[in-house]
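# Fold and contact review
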Amino acid sequence: MSTQAAPEDATSATTRYEGSVRDEALRAQARTGRTFTLRINRGEHGDSAGRWESYDVELAAGMVVLDAVLFVQAKHAPDLAVRWNCKAAKCGSCAAEVNGRPRLLCKTRLEDFNLAEPVLVQPMQTFVRIKDLVTDVSWNYRVNEKIIPFRARTDRPWKFYQRDVEKAQEMRQCIECFLCQDVCHVLRYSGEEKPAFFGPRFFVRAAGLDFHPMDAEDRVGQLRGEGGIGLCNITKCCTEVCPANIHITDDAIIPEKERAVDAFDDPFRGIFRRNGAPKP
Amino acid sequence: MKTTLVAHVGAPGFGRTERRDVWWLEPLWAAVGLAIFVAYSTWAALVGNNFAFGPYQSPFYSPYFKPPWWPLSASIFVLWIPLGFRLSCYYYRKAYYRAYFLSPPACAVSEPKHEYTGETGVLLRWLPVVHRWFLYLSILILIWLWVDAIRAFDFDGSFGIGVGTLVMLLNVVLLTAFTLGCHALRSLVGGNVRCFSCAPLGNARYGAWRFVTRFTGMHPWMAWFSLYSVALCDLYIRLCAMGAITDLRIV
Ligand code: SF4
Ligand code: SF4
Ligand code: FES
Ligand code: FES
């Protein structure tokens, strides 16, 4: 009896660890034998300059920057802080800057870089550092709370078609990585004190609500007022970095700017304006 | 409600970035590209001659209107419309805010320290407003340029095609593609509709919005192509009129 138990245990142990054994085998296969240097900007809470540390990383096929950071964490610096959850460009938590460009660590392939030179990883510069690559993005949640919430219309049946929700749907692709907030020059270079400016992510959110066919509110006055949409000079950096490929400037900000012109600024439009425009 | 003006106090000065690519290339070519066009078009608009050849009419001088008492070039009566249209265009705004105002020069590159008001300042806040008016006027000019392009097939009463005809046709096609991508137009035809199936003419407006959206995607490209096609069209006709080149007849 006991002689039978041992091989059973051994089998179940293999089954249990099969996943990691397979991963290990894959990793061994993927090893390219090349190493490169990853330079990570590290620091404690509130340290905006930080210090650059260099680490050697073994390159594996298909490696993304997050893999490289986790390699450093595993082999060189167990106290390195990095935030991530999905490793599939869906949760938005691994937002940082690679070679100076705001990107998702898990969606940035090392093959895209010249690995003869070090690859630079730093936290998002617009937000206060918590530790190493992790930043405090809670300012965004406070902005979010200000946005006039969805209120359902009651004057027509709850029935609409694909074409009615198309504009709103694009805005719902947002994964809240806040890379657009990070890159936007209005927020990035305004110092500790953030201006009265919601930022591209929340223009996206407000536009998503404003374009919803069953929403009874209008946020155009809010955006023009405390939202500070006029501070945006449509230079499109938010669009360039958005990993969800939302056309932030073309499909959210400019349409809202046009709606603001309709509602407040165009004197000719005023002649045709009905039902009273929202107040700024 | 008044929008707070933002001073870029935290800005560490111009050009600070960890970017490793040639980020300055794009603003540089935009700055040079715009400057070359402005230099050529200012000259071509002010000389006031050599703007027509055979059935061809330079877009800088069309519609042609010149009262006898007017001492300067006729182009001044028309050029303010395309000029205003492009100066207030959402794409050109982006291009010159980046290339000339360096605000920002490129993404994640710091800008010179300055008071920043975005598009809330006394002047810039009117750009989106006047843009739509320039759009309406530009559509009228565009129709006129189509008439010109069709006239370019008419060689003294007989149908013909010269290289100049193709140049004029290409120019007006590019100008149309540029104008159709206008954000103000996109908003006008359907962008401002919250629920297509509830709005009057909802289906038609949805179709129009989808149609214009296709051109909006290529608006930056069309901005450049049509800018240079206008200048090259003028240059071609000018060189023909000066006798520097001969216009080849194809048909
Ligand atoms: S387009 Fe506007 S919101 Fe987007 S990054 Fe530029 S200034 Fe910020
Ligand atoms: S809009 Fe794009 S860049 Fe901005 S938070 Fe959402 S997914 Fe990220
Ligand atoms: S870890 Fe989820 S987006 Fe990168
Ligand atoms: S022409 Fe460029 S936005 Fe209108």
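Our structure is the block above this text.
Residues numbered from 1 in each chain as written. Chains lettered and ligands numbered in written order. Predicted model: local features only at pLDDT ≥ 70, side-chain atom pairs only at ≥ 80, totals over all residues. Heavy atoms only, no water.

## Some remarks on the interface of chain A and chain B
At the junction of the two partners, chain A supplies 59 residues and chain B supplies 58 residues. For the pair chain A and chain B, the summed buried area comes to about 4800 Å², and 54% of that belongs to carbon and sulfur atoms. Taken together, the links from chain A to chain B amount to 10 salt bridges. Linking E166 of chain A and R210 of chain B is a salt bridge whose minimum nitrogen-to-oxygen distance equals 2.9 Å. Counting across the interface, chain A meets chain B through 30 residue pairs in polar contact (both at pLDDT 80 or more). Elements with a contribution of two residues or more to the side of chain A that touches chain B: β4 (101–104), β5 (119–122), α4 (162–171), α6 (185–188), α7 (200–210), α9 (237–241), α10 (248–265) and α11 (267–272) of chain A. Looking at side-chain class alone, the side of chain A that touches chain B contains 21 nonpolar, 13 polar and 25 charged residues. (Contact = heavy atoms within 4.5 Å. Buried area = accessible area lost by both parts, 1.4 Å probe. Salt bridge = Lys/Arg side-chain N within 4 Å of Asp/Glu carboxyl O. Polar contact = N/O pair within 3.5 Å; in protein donor to acceptor, adjacent residues only side chain to side chain. Helix = DSSP H or I, 4+ residues; strand = E, 2+ residues; numbered from the N terminus. Nonpolar A, V, L, I, M, F, W, Y, C, P; charged D, E, K, R; others polar.)

## Re the site of ligand 2
Residues and elements named next belong to chain A. Neighbouring ligand 2 are the residues C174, I175, E176, C177, F178, C180, R201, C242, P243, A244, I246 and I248. Put simply, ligand 2 lies in the second largest cavity. Here the shell around ligand 2 is composed, by residue class, of 10 nonpolar, no polar and two charged. (Near = heavy atom within 4 Å. 1 Å grid on protein atoms, 1.4 Å probe; cavity = no way out; pocket = protein on both sides within 12 Å on 5 of 7 lines; lining within 4 Å. Sits in = over half its atoms within 2 Å of the grid points.)

## Some remarks on the site of ligand 1
All names here are of chain A. Surveying the vicinity of ligand 1 reveals the residues C184, H185, P200, C232, N233, I234, T235, K236, C237, C238, T249 and I253. Going through the elements one at a time, α9 and α10 are the ones with two or more residues in the shell around ligand 1. Class assignment of the residues belonging to the shell around ligand 1 gives a composition of seven nonpolar, four polar and one charged.

## Quick look at the sheet that holds β4 of chain A
Residues and elements named next belong to chain A. Spatially, the five strands line up as an open sheet ordered β2-β1-β5-β3-β4, and their pairing is mixed. The sheet terminates laterally at β2 (51–60) and β4, the two strands that pair on one side only. Neighbouring strand axes in the sheet, compared pairwise and without regard to direction, differ in orientation by 35° on average. Bridge analysis of strand β3 (residues 95–98) against β5 gives two bridges, and the strand direction is antiparallel. (Pairing = 2+ DSSP bridges. Axes fitted to C-alpha atoms, helices over the stretch in contact; angles between N-to-C directions.)

## A few points about the pattern of salt bridges
Scanning the model with the defined rule gives 35 salt bridges over all chains in all. For D250 of chain A, the salt bridge goes to K236 of chain A, with nearest N and O atoms at 3.1 Å. Of this pair, D250 of chain A sits in helix α10 while K236 of chain A sits in the loop between α8 (220–224) and α9; the two residues are 14 residues apart in sequence, bridging distant segments of the chain. Owing to a relative accessible area of 12%, D250 of chain A belongs among the buried residues under this scheme. The residue R186 of chain B makes a salt bridge to D251 of chain A at a minimum N-O spacing of 2.9 Å. Here D251 of chain A lies in helix α10 and R186 of chain B lies in helix α6 (residues 183–191), a pairing that spans two chains. Grouping residues by exposure puts R186 of chain B and D251 of chain A together as buried. Put simply, D210, D215, D218, R219, E256 and R259 of chain A together with R194 of chain B are held in one network by salt bridges that share partners. (Buried < 20%, exposed > 50% of the residue type's maximum accessible area, 1.4 Å probe, protein only.)

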